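# Structure at a glance
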Amino acid sequence: MSDGIRVLHVDDDPDFGELTAILLERVDARFTVETVSSADEGLARFTTERFDCLVSDYDMPEKTGIDFLEAVREAHPDFPFILFTGKGSEEIASDAISAGVTDYLQKGSGTDHYSLLANRISNAVSRHRAEKAEQWMHELGEKSDDVLWMFTSDWEDLLFVNSAYERVWGQTTTSLQRRPESFFDGVHPEDRARVKTAMDHLSEGNSVDFECRVNEREQYSRWVWARGHPITDEDGTVVRLTGFTRDVTDRKEREEERRATVEFLRNLSDVTTNPTLTVGEKIEQLLAQGCEKLDSPYGIVTAIEFDGEQPDSNHGTQTVVMSHRSHERSQPGQSCSLSKAYCRKTIEQDDLLTVHDVRATDWEGTSADERFDFGSYIGGKLLVDDELYGTLCFASQTPRDRPFTDAQKTFVKLVSKWVSYEVERELTRSDDDDATLKTRLGGD
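Keep in mind it's a predicted model, so treat the numbers as computed, not measured.

### Points about the overall build of the protein chain
For the protein chain, the count of helices and strands is 14 helices and 16 strands. Taking 2.2 N^0.38 as the reference for a compact globule, 444 residues should give roughly 22 Å; the C-alpha atoms of the protein chain span a radius of gyration of 38 Å, well beyond that estimate. Overall, the C-alpha framework of the protein chain stretches about 120 × 45 × 35 Å when taken along its three principal axes. Evaluated residue by residue, the protein chain yields a buried proportion of 45% over its 444 residues.

Dropping the structure here:
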């Protein structure tokens, strides 16, 4: 924004108007003063040109300065308007204030009055520009998903923050305005030392760039990236601190997904290619790893037999072949009707069956729920020669806060495919029947 100040002066005395323009421009070199002799002409110029302040006489033919002020205020309620009049009275002053005048000044002899007028104009324009800048900042801030902020150099006073803060931090802007240091409470305790170091560097005049976890209400599950810059005065002293904070939770989760997927694949490869382990030992290790990585204490491999020749998920028997950290109802060798097992729903799916919170499903109160009382579950089918052999699943009696990740689903899919392949290979290359294989796998 330019430092120049363009003034429109309205006075029915052309000579006085010209003198006022000369003296104002002499007092303050920033001023450019245009003069017109009527309120109508002034309003026409004001609506078609850009000015920073209006200065008007009161007593003019046809329309007074108050009439001019009221016309301006219809569309510009906050624009700087100074009534500069030779007729001073309490009644005129009261009318001017009621109409929304910015300032009121009586004409007088001598040049001191023009210095005073110049000062009033400068102050009014500065206030208006600051208010407009703050308004524009708020409008810009409300269109941004980033948290935009500005503090004093010592972090003791909040100068600006937009409403995105409430969504990202889980705190109100009102609480932050009341206690500016409260944003620090929303930072993960393990990250606070690093954030405090960044704050100190910023106060010392250095730009900063860092990431941390925030939002206590969401168990600090949000990741943010913050960049801050110091604002200095002419002497180089830091006077304000400004910057933005961006929610990067999605990016961090994608990075974690990639890392977890690579780790899952590496662990799967290490186990399945280990020549010293039997098939049963490999399955046991994969169940143990799955329980750890899925935060589910129970890992179970089952075999399923249907009552008739045609598969029917409502009529059959589930038998536990192997289990890790066995549930009391899922010990190896234990059987139950499919109608009382979660596996019934698993084999009805084309893909994995994933339930992070059983309470949010129609499972509660079912026979399976009463028998096993699982809070979360993820399971897939085991196929041998393209026919159903059984299931592989991981479960917990505690519901999960969040759904299973893509990396976790990938792990379960791959383990299910590998177990299916190994079972098929064992049945093909040995004379064991299905029942013998179940016993051998479970007893390894």
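### Let's talk about the pattern of salt bridges
Under the definition given, this model contains 31 salt bridges. Between R6 and E49 there is a salt bridge whose closest N-O contact spans 3.0 Å. Residue R6 is located in strand β1 (residues 5-10), and its partner E49 is located in the loop between α2 (39-48) and β3 (53-56); the two are separated by 43 residues in the primary sequence. Residue E49 is classed as partly exposed on the basis of its relative accessible area of 28%. A salt bridge links R213 to E190, with the nearest nitrogen and oxygen atoms 3.2 Å apart. Here the residue R213 occupies a position in strand β8 (residues 208-214), and E190 occupies one in the loop between α7 (173-178) and α8 (192-203), the gap between them amounting to 23 residues. For E190, a relative accessible area of 62% translates into the label exposed. What you see here is one network of salt bridges that share partners, running through R6, E34, R45 and E49.

### Description of unusual backbone geometry
Although it is not a glycine, N215 sits at a positive phi angle of roughly 80°. Looking at where N215 falls in the secondary structure, it is placed in the loop between β8 and β9 (222-232). Despite not being glycine, Q219 has its phi angle at roughly 55°, a positive value. One can find Q219 in the loop between β8 and β9.

### A look at α2
Those residues of α2 that sit buried are A39, G42, R45 and F46. Around the axis of α2, the buried residues are gathered within 125° of arc, so they sit on the same side. Opposite its buried face, α2 presents the exposed residues T47 and T48, each directed more than 90 degrees away. Elements in contact with the buried residues of α2: β1, β2 (31-36), β3 and α3 (65-73).

### Some details on the UniProt feature "modified residue: 4-aspartylphosphate" (unreviewed entry) in the protein chain
Residues annotated by UniProt as "modified residue: 4-aspartylphosphate" (unreviewed entry) correspond here to D57. Locating D57 in the fold gives a position in the loop between β3 and α3. Not counting chain neighbours up to four residues away, the residues in contact with D57 comprise V10, D11, D12, G65, L83, F84, T85, G86 and K107.

### Observations concerning the confidence of the model for the protein chain
When pLDDT is averaged across the protein chain, the result is 87; 92% of the residues are at 70 or more. Averaged pLDDT values for the elements of the protein chain fall to 51 in helix α14 (residues 434-443) and rise to 96 in β8.

### So, the sheet that holds β8
Taken in spatial order, the five strands line up as β7-β6-β10-β9-β8 in an open sheet, and their pairing is antiparallel. Two strands bound the open sheet, and with one partner strand each, they are β7 (158-161) and β8. Here the average twist between neighbouring strands, direction ignored, is 20°. Two strands pair when backbone bridges link them, and β8 and β9 are joined in this way by seven bridges, in the antiparallel orientation.

### Concerning the sheet that holds strand β16 (residues 387-396)
Within a sheet, each strand pairs with its neighbour through backbone hydrogen bonds, oriented either parallel or antiparallel. Taken in spatial order, the six strands of this open sheet run β13-β12-β11-β16-β15-β14, and their pairing is antiparallel. Looking along the sheet, the strands with just one partner apiece sit at the ends: β13 (335-337) and β14 (353-355). Strand-to-strand twist in this sheet, taken as the mean axis angle between neighbours without regard to direction, amounts to 25°. Two elements, strand β12 (residues 316-324) and β13, share three bridges in a ladder whose sense is antiparallel. Bridge pairing in β13 places Q318 opposite C336.

### Re the environment of L69
Along the chain, the position of L69 falls in helix α3. Considered as a pair, L69 and A96 are 27 residues apart in the sequence and their alpha carbons are 8.0 Å apart. Not counting the four nearest positions on each side in its chain, L69 is found in contact with F81, A96, A99, G100 and V101.

### A closer look at the packing of α3 against helix α4 (residues 90-99)
Their axes nearest at 9 Å, the elements α3 and α4 cross at an angle of 10°. In terms of orientation, α3 and α4 fall into the roughly parallel class. Contacts between α3 and α4 pair I66, L69, E70 and R73 from the former with I92, D95, A96 and A99 from the latter. Partitioned by chemical class, the residues of the contact of α3 with α4 number five nonpolar, no polar and three charged.

So, how was this worked out
- Residues numbered from 1 in each chain as written.
- Predicted model: local features only at pLDDT ≥ 70, side-chain atom pairs only at ≥ 80, totals over all residues.
- Heavy atoms only, no water.
- Helix = DSSP H or I, 4+ residues; strand = E, 2+ residues; numbered from the N terminus.
- Rg over C-alpha atoms; globule rule 2.2 N^0.38 Å.
- Buried < 20%, exposed > 50% of the residue type's maximum accessible area, 1.4 Å probe, protein only.
- Salt bridge = Lys/Arg side-chain N within 4 Å of Asp/Glu carboxyl O.
- Arc of directions from axis to C-beta.
- Contact = heavy atoms within 4.5 Å.
- UniProt positions renumbered as here; feature names shortened; annotations may be inferred.
- pLDDT = per-residue confidence, 0-100.
- Pairing = 2+ DSSP bridges.
- Axes fitted to C-alpha atoms, helices over the stretch in contact; angles between N-to-C directions.
- Parallel < 35°, antiparallel > 145°, perpendicular 65-115°, else oblique.
- Nonpolar A, V, L, I, M, F, W, Y, C, P; charged D, E, K, R; others polar.

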